[in-house]
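# Structural description and commentary
The primary structure of each chain is shown beneath.
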Amino acid sequence: MKKILTLVVATLFLSFSGCSSKSAVAATESSEPTGEVSTYLLGAHMDTEAASAALTSAGFEVLATYKSFKKGQTVVFTNAGLKAEAAKENRGFAAVLRLLVDDERNQISITNPVYFGKAFMQDDYNHHVSADALSAINKAFPGLKGSEDKWEF
């Protein structure tokens, strides 16, 4: 009787412990995330030169910078892992990420490599590559927060 009661209590505990709930995940671990993933990562405002320098010091290659709208500039960047993923057939869009220096909203906005990696790579998605890029971005730009735009991974 004790064994049955223990089994029932353990089952109830696991059922209601939150293991099955959907939660927003930053997706920084090596396993694929569950729950919602933000489309963009938002952070404190900085100028284009400082943003480019932070990306370079984090191991990214800055490919281009252009004025994307009246009060904003976009920095296009990549790394070796993203380029390798994009070398797969019909996956060229996966090679680059973007950072927007938004002078109007006084913030930066960075494309989330997990979100866009899964979107562009679909069944060929390699979470290790996207998680490594995300980790490098988070180290280069401490305090980033996810945007309200999200997608169920």
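Predicted, not measured: the structure shown is a model, and the values here were computed from it. (Residues numbered from 1 in each chain as written. Predicted model: local features only at pLDDT ≥ 70, side-chain atom pairs only at ≥ 80, totals over all residues. Heavy atoms only, no water.)

## What about the sheet that holds strand E3 (residues 61–69)?
Note the threshold: In this description, strands pair whenever DSSP reports at least two bridges between them. Helix and strand assignments come from DSSP, with helices taken as H or I runs of at least 4 residues and strands as E runs of at least 2, each series counted from the N terminus.
Strand order in the open sheet made by the six strands is E3-E4-E5-E6-E2-E7, with antiparallel pairing throughout. On the outer flanks of this sheet lie E3 and strand E7 (145–146), each paired with one strand and no other. Pairing of strand E2 (residues 40–44) with E7, which is carried by two bridges, proceeds in the antiparallel orientation. Bridging from a neighbouring strand, Leu42 pairs with Lys145 of E7.

## Remarks on the nonpolar core
Just so we agree on the cut-off: For our purposes a nonpolar core is just a set of buried Ala, Val, Leu, Ile, Met, Phe, Trp, Tyr and Cys residues, chained together by side-chain atoms within 4.5 Å. Burial classification: accessible surface area is computed with a 1.4 Å probe over protein chains only, and a residue below 20% of its type maximum counts as buried, one above 50% as exposed, and the rest as partly exposed. Note on contacts: a residue pair qualifies if any of its non-hydrogen atoms lie within 4.5 Å across the two residues.
Core analysis: the largest hydrophobic core is formed by 29 residues, its most contacted members being Phe77, Leu99, Ile110, Ile137 and Phe141. A total of five residues in this core trace back to one element, the largest contributor, which is helix H5 (residues 127–140). In contact with Ile110, not counting residues within four places along its chain, are Thr39, Tyr40, Leu41, Phe77, Arg98, Leu99, Ile137, Phe141 and Leu144.

## Observations concerning the pattern of salt bridges
Which entries qualify depends on this criterion: Salt bridges are identified by distance alone: a Lys or Arg side-chain nitrogen within 4 Å of an Asp or Glu carboxyl oxygen.
Taken as a whole and assessed by the stated rule, the structure comprises three salt bridges. Between Lys88 and Glu85 there is a salt bridge whose closest N-O contact spans 3.3 Å.

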